[in-house]
Amino acid sequence: MKNLKYLFISLLAVFFVACEDDFETPNVTEPVQGTAPVLAEITENVDLVLEKKNEKETIIELSWSAATYADPIGVRYYVQIDTVGNEFKNALEFDRVSETTTLITVGGLNTLISDRYAPAKQVELEVRIRAFANEDLDNLYTASFTMKVTPYLDVPIPTDLYIFGSATASSKVTDALKAYGADNIFTKYLKLTKDGLFKFSEKQASDGYDYNFAKFATRSENIEAAGDDDGNFKFTGETGWYAVTADFTNSNLTIAPYENGSVYTYDYPNIYLVGAYNTTDPEWNPGASTEMTRKSEGVYTLEVTLKDGANFKFINQQNWDGLDWADADSNGNSGVLAPKGKNTNIAFDGGDKAYTITLDLNKGIYKIEAVPVFPTELYINGSFVPDWDWNNAAVMEMIPVHSNPHLFWKIAWFDAGTELKFNSAKAWDGAQFGKTGDTADADGVWSKGGDNIPSGAVGYKMIVVNLLTNTIQITDPVIYAQGTAFGNWDGGQFLFTPDAGDAKILVSPAAVADDNARMYVTATTLTNADSNPVDWWQAEFSVLAGKIEYRGTGNDLAGAPITTGQKVKLNFSTESGIFE
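On a predicted model such as this, the values are computed, not experimentally measured, just so you know.

Our focus in this paragraph is unusual backbone geometry. Here the phi dihedral of A120 falls at roughly 65 degrees; this positive angle occurs in a residue that is not glycine. Structurally, A120 is set in the loop between α2 (106-113) and β8 (123-132). The backbone of S403 shows a phi angle near 65 degrees, a positive value even though the residue is not glycine. For S403, the position within the fold is in the loop between β34 (399-401) and β35 (404-414).

Pasting the structure below:
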């Protein structure tokens, strides 16, 4: 039986050898050829600048016939792209598809090629379809076609764009300067300082998108990388007034002087307002235009009444032959400045009210701000008044500061722990105010709010209400004598001090000449609209017939003669004074 088994195996072997010539078994290591796919005719020439804003749009739709192999095997397709003339030696490929049609989108193509090809530069590409079944079979290809495209640097296109840095007049992002934008191109006209740094943000906040040096493919020759960790630009041109243009279509940033008849700069001796903006000033008559006040280099202001439908612009001479500035936006009231040939009239509905117009050539902006309407009286109520009754005689009236309608002051004696409130009317009418916050600053300054203000320790207090800065200051009084009677007019030298025997009496230095005694108060918040200290005479008072008299908003006080050796002694608790 065992011998029969081996005989059977031997016969089988002979059988297969004998049949070897009757079978042609394919060698699977040799490719099996098939029919290549055929690309449908491309009827359009593709010559396109790719733009971020169009990233979802279709460039071209491709379709082709199915590839076939000898065996019915599933086939996948890849769109291949390479530089014309490179014969697909280093092809880029989109993700595979199983269908015989696909779309090439702007964003998809840009993503595929952006690591190889520089942005904002045209490249000519060759495109074909590769069919693939498995690694044992040949790839099959369609014929190719060409396209010309210009890729973009893939950064978000902002809705708004702001510039800031040491090259500009606004170094902080929170005070960044807005540019005018249209069609993905943003332009800002402003002063730039040589060798200063700058960059851009989408908003005036630290969490905005950072448009730094790496976010633009090309830049003008006067822009370099600052080489710092923040990726700042460095402006290498001369200090001047420039057009900064950020072109997000072409990923290009340029800085160039602006010229229209003559080159614009950032400071002029005279600037005028011209237009049709109220019922009193001549309309569109440059020869009779109103001159603005030059506050500082490149900054001009004017207080003027504006009507509804007001239209105006700024000129640098009283004719139409010079330069002008107006709004960068066709809407006419953006606050963004643009020069002649690039602007439209500023349009504003003023309602026949007073406004302060500010032109700032350094920042490339203008502002229209309503002139605040301040009360003519201000009163102090508090726990020193029985029942906080506004009609009680203990309620104090504050002193207005000459030429500064936003300022009021008062010196008064308060017991420890006294609490205060203020109002322009002697009433609880909802307009009363106090402070906000738990503590004042080092100068005794509180922010305006609704809480009672503590006066502090017992003694005289100098109270200043500044309605421009919305602050209330409570501090020790600072009073100076002034003038020839005390030695000079330099100010800030002849300080009143408390009497050694009576803290309610404040005493001046002795007079050194027979003349009129002049005296005034000062405090850190007694500041004008430009945030500078008020002139001494604007917070002046005197002693006349034994009574403290305040100048307030009035004219010069009557003379108060003092003789050599006499001192002024003031008692604000009784509103009295003597010379002795």
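The next thing to look at is the packing of aromatic side chains. Working definition: an aromatic ring pair is given by the centre-to-centre distance plus the angle between the planes. Per the counting criterion, the structure on display carries 37 aromatic pairs. Relative to Y550, the ring of W409 lies with its centre 5.4 Å away and its plane at 75 degrees, an arrangement referred to as edge-to-face. Within this pair, whereas W409 is found in strand β35, its partner Y550 is found in strand β49 (residues 547-550), the two being separated by 141 residues in sequence. Here W409 and Y550 have matching classes, each one buried.

Residues at a pLDDT of 70 or more form 94% of the protein, whose mean pLDDT is 93. In the model, residues 1-31 has pLDDT below 50 throughout and makes four contacts with residues more than four positions away in sequence or in other chains.

Let us look at α2. In terms of burial, α2 is largely enclosed, as six of its eight residues are buried. Among all positions in α2, only V106, G107, L109, N110, L112 and I113 are buried.

Here the focus is the layout of surface pockets. Over the atoms a probe the size of a water molecule is rolled, and this reveals where empty space is left. Here the largest pocket is characterised by a volume of approximately 790 Å³. Taken together, 26 residues make up the lining of the largest pocket; nearest its centre are E303, T356, L468, A529 and D530. Class assignment for the residues of the lining of the largest pocket results in ten nonpolar, nine polar and seven charged.

The next point concerns the side chain of D82. In this fold, D82 is placed in strand β5 (residues 76-83). A distance of 2.8 Å separates a polar atom in the side chain of D82 from a polar atom in the side chain of N86. In this structure the side chain of D82 is engaged in a polar contact, spanning 3.4 Å, whose partner is the side chain of R116. Other than its neighbours up to four places away in sequence, D82 contacts F88, K89, N90, A91, R116, Y117, E124, L125 and E126.

With that settled, consider the pairing of strand β20 (residues 240-247). Among the eight residues of β20, seven are classified as buried, and the element is accordingly described as predominantly covered. Across eight bridges, strand β14 (residues 185-192) lies against β20 in antiparallel orientation. Bridge pairing links L192 to G240 in β20. Pairing geometry for β20 and strand β21 (residues 252-257), over six bridges, is antiparallel. Paired with D247 across the bridge in β21 is N252.

Moving on to the sheet that holds strand β37 (residues 434-436). One open sheet holds the six strands; their spatial order is β34-β35-β40-β41-β38-β37, and the pairing between them is antiparallel. Two strands in the sheet have a free side with no partner beyond their single neighbour: β34 and β37. Mean inter-strand twist for the sheet, computed between neighbouring axes without regard to direction, equals 35 degrees. In terms of strand pairing, strand β38 (residues 445-449) meets strand β41 (residues 471-475) through three bridges, oriented antiparallel. The partner of W446 across the bridge, within β41, is I472.

Further remarks concern the side chain of T525. Tracing the backbone through its elements, the reader meets T525 in the loop between β47 (518-521) and β48 (540-544). Polar contacts involving the side chain of T525 include one to the side chain of Q473, which spans 2.5 Å.

So, about empty space enclosed by the protein. Scanning all chains against the criterion turns up one cavity of 30 Å³ or more. What the largest cavity holds in volume is close to 40 Å³. In terms of lining, the largest cavity is formed by L161, Y162, I163, L177, A179, F186, T187, K188, F200, V244, T245 and A246. Taken together, the elements giving at least two residues each to the lining of the largest cavity come down to β11 (162-164), β14 and β20.

If you trace the five strands from one edge of the open sheet to the other, you get β13-β14-β20-β21-β17, paired in mixed fashion. Each having just a single partner strand, β13 (180-182) and β17 (218-219) make up the two edges of the open sheet.

Counting through the fold element by element, Y300 comes out in strand β25 (residues 299-306). Residue class for Y300 comes out buried when judged on its relative accessible area of 0%. Counting along the chain gives 238 residues from Y300 to L62, while the straight-line C-alpha distance between them is 62 Å. If sequence neighbours within four positions are ignored, Y300 has contacts with D267, Y268, I271, M292, T293, R294, K295, I357, T358, L359 and L361. Within polar-contact distance, the side chain of Y300 engages the side chain of D267 at 3.2 Å.

All right, on to the environment of G240 then. On the secondary structure map, G240 appears in strand β20. Exposure remark for G240: the relative accessible area of 9% places this residue in the buried category. Here the alpha-carbon distance between G240 and L192, two residues 48 residues apart in the chain, equals 5.7 Å. Beyond its immediate stretch of four places on either side in the chain, G240 contacts L190, K191, L192 and Y266.

Here we come to the pairing of β41. Taken across its five residues, β41 has four buried, putting it largely inside the fold. Of the pairings in the sheet, the one linking strand β40 (residues 459-466) to β41 comprises five bridges and is antiparallel in character. If you follow M462 over to β41, its bridge partner there is T475. A loop of four residues connects β40 with β41, the two strands running antiparallel in sequence, and N470 in this loop sits at a positive phi of about 55 degrees.

Reading the values: rules and limits
- For every chain, the first residue of the written sequence is number 1, and numbering continues from 1 onward in sequence order.
- Restriction of local features to residues with pLDDT of at least 70 applies here, the model being predicted, together with a cutoff of 80 or more for giving and counting side-chain atom pairs; totals for whole chains, interfaces and linings are based on all residues.
- Excluding hydrogens and water, the side-chain values take into account all heavy atoms of the structure.
- Under the scheme used here, helices are H or I runs from DSSP no shorter than 4 residues and strands are E runs no shorter than 2 residues, and both carry numbers assigned from the N terminus.
- Here is the rule: rings of Phe, Tyr and Trp (six-membered ring for Trp) pair when centre to centre is within 6.5 Å. Planes less than 30 degrees apart are stacked, more than 60 are edge-to-face, and the remainder are tilted.
- Categorising residues by exposure relies on relative accessible area from a 1.4 Å probe, with only protein chains included: less than 20% of the type maximum marks a residue as buried, more than 50% marks it as exposed, and the intermediate range marks it as partly exposed.
- pLDDT measures how confident the predictor is about each residue, on a scale from 0 to 100.
- Residues are treated as being in contact if the distance between any of their heavy atoms lies within 4.5 Å.
- A 1.4 Å probe that fits but cannot get out identifies a cavity on a 1 Å grid over protein atoms alone, an open set with protein on both sides within 12 Å along at least five of seven lines counts as a pocket, and a residue lines either if it has an atom within 4 Å of a point.
- Grid points are joined across faces, edges and corners, and a volume is the space filled by probe spheres set on the points.
- Each residue gets one label: Ala, Val, Leu, Ile, Met, Phe, Trp, Tyr, Cys and Pro are nonpolar, Asp, Glu, Lys and Arg are charged, and the others, such as Gly, are polar.
- N or O atoms within 3.5 Å of each other form a polar contact, as long as, within protein, one can give a hydrogen and the other can take it, and as long as residues adjacent in sequence are counted only when both atoms are side-chain atoms.
- One bridge is not enough; two strands pair if DSSP finds at least two bridges between them.
- As a rule, the C-alpha atoms of each element are fitted with a line to give its axis, helices using only the stretch in contact, and angles between N-to-C directions run from 0 to 180 degrees.

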